[in-house]
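# Remarks on the overall topology
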Amino acid sequence: MAHAATRPRAPREIQRLIPYALFILFIAPNIALLVLFTYRPLVESVRLSFYDWDLISPQKTWVGFENYTDYFSDPTSRYIIRNTLVFTAATVGATMAIGLGLALLLNLQLRARNLARTVLFAPYVLGGAAIGIIWLFIFDPRFGLVSALLDRLGIPSPNWYNDPNWAMPMVIIVYTWKNLGYATVIYLAGLQTIPKDLYEAARVDGAGAWSRFWHVTLPQLSPMTFFLLVTTMLSSMQAFDIISVMTAGGPLDATKTMVYQVYEEAFVRFRVGDASTVATVLFFILLGATLLQVRFLERRVNYG
Amino acid sequence: MTTSELSLPVRTRRLAAARSLLPLRAIPAYLLLLLAVVIIVLPLTWMLTASLKTRQEIYTLPVSWVPETFRWQNYRQAWTAVPFERFFINSVVTTIAGSGLELINGVLTAYALVFLPFPKKNLIFLFVIAALMVPFQVTIIPNYVLVADLGWVNTYQGIVIPGAAVAFGAFLMRQQFLSLPREVIEAARIDGAGHLRMLWSIVLPMSRPALVTFALISIVAKWNDYLWPLLVTNNDQHMTLPVGLTQLQHSEGSSEWGVVMAGAVMVITPVLAVFLWAQRHIVQGLTAGSVKG
């Protein structure tokens with residue numbers, strides 16, 4: 001103390017400021033990158049949606065709301081929004097329902113359940129592009145695994161990737177296959193936090209297995225259900241790799257989702273204004289859906 | 001834990017134990033679980049066997065489950081039909097550089113937010129994690145334009161730098177740093193440890209498991225990244241494996257599925273190996289946030 005007191009005043013002031021300077025030094029690169037590559041593009045994307053531009057020429061033409069009026073009056077965009085919602089609803093529903101079922105199985109005292117958990121989670125870490133290519137061969141209408149299995153059952157294989165009716169179910173199956181393990185592991189973690197005496201109490205009250213599931217398990221899992229609903233919805237609405245590799249949005253736009261449309265309009269057709277319009281609409285749909293979920297669903301979540 | 005277990009009547013515990021071992025009642029559960037495992041494993045097995053089949057065998061009905069002879073030639077062909085070695089090096093370089101930058105950025109951001117003083121730190125934290133709400137796909141066009149203006153198309157920095165901003169990783173490390181015991185940090189501070197020394201020799205060593213988790217999920221994400229490398233590379237020189245694999249599929253097409261499958265095996269094996277080796281850490285990291293909110 002006495003030693004410190006003898007020090008001249010100015011350096012102590014500087015000493016006191018060092019941690020603040022360090023804070024800026026530590027955090028500045030990340031803040032700069034976030035501004036440059038996340039927040040700026042968000043604003044820029046909205047701005048570009050009011051222009052006509054081909055990505056290359058120096059000249060951008062201001063068109064006001066024309067891209068938006070075009071977008072909302074075009075039946076194709078409505079079809080693509082519908083595709084996006086179908087894909088999202090189907091993959092989110094299937095992933096969560098099957099994931100919950102598998103978590104319940106893994107929560108039983110079965111042998112080899114850790115091995116099973118590892119296997120079920122594995123596809124989640126594999127790249128979407130590679131997964132898509134593997135499944136392209138699996139769905140080969142004549143020489144693929146699926147047709148081989150269907151043959152055994154005497155069912156002729158549909159022409160998966162050339163038939164507009166079957167292409168969407170195909171990408172939904174593949175996407176669900178890849179993400180199943182994620183929901184399983186989250187639900188399993190939730191199941192393991194449920195206190196055993198809740199089940200005992202329900203049993204004493206004479207509740208059967210179904211009623212215990214309905215009145216104890218599901219309410220106790222509501223934080224996981226809420227979390228999964230938000231995260232899987234966000235990722236399903238942004239799915240790109242599998243669709244791009246397997247169908248490129250086809251056949252006849254049957255699997256074209258909004259994200260694929262953004263990519264195609266900008267980088268294949270060079271219509272940046274239209275692409276940015278879709279991107280902006282997509283952003284507000286995602287933001288709105290998330291806020292709605294937080295507003296109306298989180299209230300019903302039981303954070304124990 | 002122990003007290004509550006002890007307080008349970010002995011009979012109930014025995015019953016529970018007996019129930020878990022009773023095989024008859026568990027048979028349907030085992031069968032369902034087996035079915036799920038088969039559905040996950042079969043497509044991967046199919047890829048593996050096809051990667052070793054001759055072209056003729058692939059196009060013969062009924063399909064064969066085990067290759068007649070192992071045709072390792074498919075792997076060599078996949079390696080040379082497209083510049084696979086180049087893609088491999090590119091993937092390794094961009095994954096290491098990208099994950100390294102993410103790690104440094106995430107750790108420094110979290111350290112600043114937890115241990116360094118600054119006004120309105122909560123707002124700054126909010127600014128960092130609000131980035132999670134911005135879908136990556138919405139940012140691709142302006143980011144591509146910027147990268148192109150910088151002349152970074154077909155460069156490593158073009159692939160790596162836009163992905164170096166960290167939101168989730170900073171969140172993960174902040175949670176970890178907040179959970180460190182206060183006494184240790186205070187003791188180090190009283191000993192006169194500066195912030196750099198504290199970060200390097202106290203905070204980081206104590207956070208090893210969380211760091212490993214962060215590193216692993218970052219590595220997996222960078223290795224698998226498809227859309228961004230697809231946009232910013234259009235020649236073989238800097239193309240990464242996932243994009244290169246689709247190129248292999250286009251060049252070999254539907255005529256040489258064996259070769260394409262061999263390529264797929266080579267792309268997913270590294271990630272699968274990392275996952276099997278460190279699955280506990282990876283699962284923990286990817287599911288973080290669900291339980292704690």
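Residues numbered from 1 in each chain as written. Chains lettered and ligands numbered in written order. Predicted model: local features only at pLDDT ≥ 70, side-chain atom pairs only at ≥ 80, totals over all residues.

### Remarks on the overall build of chain A
Tallying secondary structure elements over chain A gives 14 helices and two strands in all. A compact globule built from 304 residues should have a C-alpha radius of gyration of about 19 Å, whereas chain A, at 26 Å, is more than 25% larger. Along the three orthogonal principal directions, the C-alpha set of chain A runs to about 90 × 70 × 35 Å. With 304 residues in all, chain A has 40% of them scored as buried. Taking contacts inside chain A between residues at least 6 apart in sequence as the whole, the part at least 24 apart equals 69%. (Helix = DSSP H or I, 4+ residues; strand = E, 2+ residues; numbered from the N terminus. Rg over C-alpha atoms; globule rule 2.2 N^0.38 Å. Buried ≥ 20, exposed ≤ 12 C-beta atoms within 10 Å, placed from the backbone. Contact = placed C-beta atoms within 7 Å.)

### Regarding the overall build of chain B
The helix and strand tally for chain B stands at 16 helices and zero strands. Counting the 293 residues in chain B, one finds 42% classified as buried. In chain B, the share of contacts with a sequence separation of at least 24, taken over all contacts with a separation of at least 6, comes to 77%.

### What to know about the domain arrangement of chain B
All names here are of chain B. As far as domains go, chain B holds domain 1 (2-76) and domain 2 (78-286). When each unit is reduced to the centre of its C-alpha atoms, the spacing between domain 1 and domain 2 is 32 Å. In this assembly, twelve residues from domain 1 lie in contact with eleven residues from domain 2. Where the side of domain 1 that touches domain 2 is concerned, the elements lending two or more residues are helix 3 (23-50), helix 4 (55-58) and helix 5 (73-81). Across the side of domain 1 that touches domain 2, the residue classes break down as five nonpolar, three polar and four charged. (Domains from an automatic or database assignment. Nonpolar A, V, L, I, M, F, W, Y, C, P; charged D, E, K, R; others polar.)

### A closer look at the nonpolar core
Of all hydrophobic cores here, the largest spans 151 residues; its most connected members are Ala130, Val171 and Met246 of chain A together with Tyr111 and Ala264 of chain B. Per-element accounting of this core gives the leading share, 15 residues, to helix 8 (residues 164-191) of chain A. (Core = buried A, V, L, I, M, F, W, Y, C linked by C-beta atoms within 7 Å.)

### A word on the packing of helix 8 of chain A against helix 11 (residues 222-237) of chain A
Residues and elements named next belong to chain A. It is the contact of helix 8 with helix 11, at a shortest axis distance of 9 Å, that shows an interaxial angle of 155 degrees. Judged by the angle between their axes, helix 8 and helix 11 are roughly antiparallel. Where helix 8 crosses over helix 11, the handedness of that crossing is right-handed. Across from Asn179, Ala183, Ile186, Tyr187 and Gly190 in helix 8, the residues of helix 11 making contact are Pro223, Met224, Phe227, Leu228 and Thr232. (Axes fitted to C-alpha atoms, helices over the stretch in contact; angles between N-to-C directions. Parallel < 35°, antiparallel > 145°, perpendicular 65-115°, else oblique. Left-handed = near helix turned anticlockwise from the far one by under 90°.)

### Here we look at the confidence of the model for chain A
Residue-level pLDDT values for chain A average 90, and 95% of them are 70 or greater. Per-element confidence in chain A is highest for helix 4 (residues 75-107) of chain A, whose mean pLDDT is 96, and lowest for helix 1 (residues 2-5) of chain A, whose mean pLDDT is 48. (pLDDT = per-residue confidence, 0-100.)

### Details of the domain arrangement of chain A
Here chain A is partitioned into domain 1 (2-48) and domain 2 (66-300). Computed from C-alpha coordinates alone, the two centres of domain 1 of chain A and domain 2 of chain A are separated by 41 Å.

### Focus on the interface of chain B and chain A
Across the contact, 72 residues belong to chain B and 66 residues belong to chain A. When residues of the side of chain B that touches chain A are traced back to their parent elements, those giving at least two are helix 3, helix 6 (84-115), helix 7 (121-129), helix 8 (136-149), helix 13 (208-224), helix 14 (227-232), helix 15 (241-252) and helix 16 (257-286) of chain B. Per-element accounting of the side of chain B that touches chain A gives the leading share, 14 residues, to helix 3 of chain B. The class makeup of the residues in the side of chain B that touches chain A is 59 nonpolar, 13 polar and no charged.

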